[in-house]
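One-letter residues, chain by chain:
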Amino acid sequence: MIEYDECEKRMVLKLVYYGPALSGKTTNLLQLHDLLQPEGRGDLMVLDTKDDRTIFFDLLPFFLMAPSGLRIKLKVYTVPGQVKHDATRKAVLQRADGVAFIADSQRSEITNNFNSFQNLEKNLGFVGLDIEHIPLVVQFNKRDLGGIVAEEEVRRVWNPSGIPVFMSSALHGTGVLETFVQLADRTYEHIDSRYGLAGNHGLDKHMFLSQLVRRRSDYS
Ligand SMILES: Nc1nc2c(ncn2[C@@H]2O[C@H](COP(=O)(O)OP(=O)(O)O)[C@@H](O)[C@H]2O)c(=O)[nH]1
Ligand SMILES: [Mg+2]
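Computed from a prediction, not measured in an experiment: that's the story for all the values here.

Student: I keep staring at the overall build of the protein chain and nothing clicks. Help me out?
Tutor: The number of helices and strands found in the protein chain is seven helices and seven strands. Listing every helix and strand of the protein chain by position from the N terminus yields β-β-α-β-β-α-β-α-β-α-β-α-α-α. Principal-axis analysis of the C-alpha atoms gives the protein chain an extent of 50 × 45 × 40 Å. Relative to its full complement of 220 residues, the protein chain shows a buried share of 37%. In the protein chain, once contacts between residues fewer than 6 apart in sequence are set aside, the share between residues at least 24 apart is 71%.

Student: What should I look at first to understand the site of ligand 1 in this one?
Tutor: The local shell around ligand 1 holds 20 residues, among which Gly24, Lys25, Thr26, Thr27 and Leu171 are the closest. Of all the elements, helix H1 (residues 25-35) adds the most residues to the shell around ligand 1, at three residues. Class assignment for the residues of the shell around ligand 1 results in five nonpolar, 10 polar and five charged.

Student: Got a minute to help me understand the environment of serine 68 in this structure?
Tutor: Tracing the backbone through its elements, the reader meets serine 68 in the loop between strand E3 (59-65) and strand E4 (71-78). Residue classification places serine 68 among the exposed residues on the basis of 12 C-beta atoms within 10 Å. When the C-alpha atoms of serine 68 and alanine 198 are compared, they prove to be 9.8 Å apart, with 130 residues separating the residues in sequence. Excluding its chain neighbours within four sequence positions, the residues that come into contact with serine 68 are Asn200, His201 and Gly202.

Student: Any chance you could explain unusual backbone geometry here in plain terms?
Tutor: Excluding glycine, residues mostly have negative phi values, and the peptide bonds linking residues are mostly trans. One non-glycine residue, leucine 22, adopts positive backbone phi at about 70 degrees. Here the phi dihedral of lysine 142 falls at roughly 70 degrees; this positive angle occurs in a residue that is not glycine. One can find lysine 142 in the loop between strand E6 (136-141) and helix H4 (151-158). Judged by the 22 C-beta atoms lying within 10 Å of it, lysine 142 is buried.

Student: Quick question: what am I supposed to make of the packing of helix H5 (residues 176-195) against helix H7 (residues 205-213) here?
Tutor: Helix packing for two helices is described by the angle between their axes and how far apart those axes are. Direction vectors running N to C along H5 and H7 enclose 145 degrees, while the axes themselves pass 10 Å from each other. Crossing geometry of H5 relative to H7 is assigned as right-handed. Where H5 abuts H7, its residues Leu177, Val181, Ala184, Asp185 and Tyr188 lie against Lys205, Phe208, Leu209, Leu212 and Val213.

Student: Just to check I follow, could you spell out the pairing of E6 for this structure?
Tutor: Two faces, one strand: in a regular strand the side chains alternate between the faces of the sheet. Most of E6 is tucked away, with six of its six residues classed as buried. Burial of the side chains of E6 extends over both faces: Leu136, Val138 and Phe140 are buried on one face and Val137, Gln139 and Asn141 on the other. Looking at chain direction, strand E5 (residues 98-104) and E6 are connected through six bridges and run parallel. Considered in E6, the bridge of alanine 100 is made with valine 137. Crossover connection from E5 via helix H3 (residues 110-126) to parallel E6: handedness right-handed. For the crossover that starts at E6, traverses H4 and ends in the parallel strand E7 (residues 165-167), the hand is right-handed.

Procedures and definitions
- Residues numbered from 1 in each chain as written.
- Chains lettered and ligands numbered in written order.
- Predicted model: local features only at pLDDT ≥ 70, side-chain atom pairs only at ≥ 80, totals over all residues.
- Helix = DSSP H or I, 4+ residues; strand = E, 2+ residues; numbered from the N terminus.
- Buried ≥ 20, exposed ≤ 12 C-beta atoms within 10 Å, placed from the backbone.
- Contact = placed C-beta atoms within 7 Å.
- Near = placed C-beta within 6 Å.
- Nonpolar A, V, L, I, M, F, W, Y, C, P; charged D, E, K, R; others polar.
- Axes fitted to C-alpha atoms, helices over the stretch in contact; angles between N-to-C directions.
- Left-handed = near helix turned anticlockwise from the far one by under 90°.
- Pairing = 2+ DSSP bridges.
- Right-handed = clockwise from strand over helix to strand, strands pointing away.

Rendered as structure tokens:
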């Protein structure tokens, strides 16, 4: 599904933050924009309506270079979570190389999380992708709030799936980088096995991740 042009030495990777409305997908991108190294980072595009909801998507681009000269553009998208925007979600999911599912930890959101995850599975199928094989991580956000599902309960439900699960409070920046790094790690593995990022381009995983996630504070 990846966009790869051998002659142009160019690769575009697409990561998608999926989940129910208001779970914190846009907030994750805002925090990532602040946490990640400025050099390779493009401009964050956030398209909110006046009621603070994403109607199309948000986009945060990153640029990396492999020792071979291969240029990699990594685009991180969010989807609108509201049920009525299903067509937009399908469009954003097209050609995705990895997905982070952002769940809302509040008990009141259990059904919305469940429906949105089912919607992800269905829409991946619709665009010709398979939830069993696409790099996928799950984040339970808003851990700072009361009335949330206990971590043990979350893990009991999700552990059998083998999908990595992170607890976060995106509003306060915790768990955001961990989620992203794990998604980037899984995506690297997936791409490397098909395109030989290490073998053909001299880009090992450590180099890939460190180009992405050097924190701002490393520069001050
Ligand atoms: N308390 C709390 N609020 C959060 C957290 N993450 C996001 N929010 C709030 O939840 C609302 C929806 O967040 P947003 O990122 O727009 O959700 P999206 O619809 O998934 O993009 C906003 O008011 C955020 O400030 C969090 O970790 N804790
Ligand atoms: Mg949003």
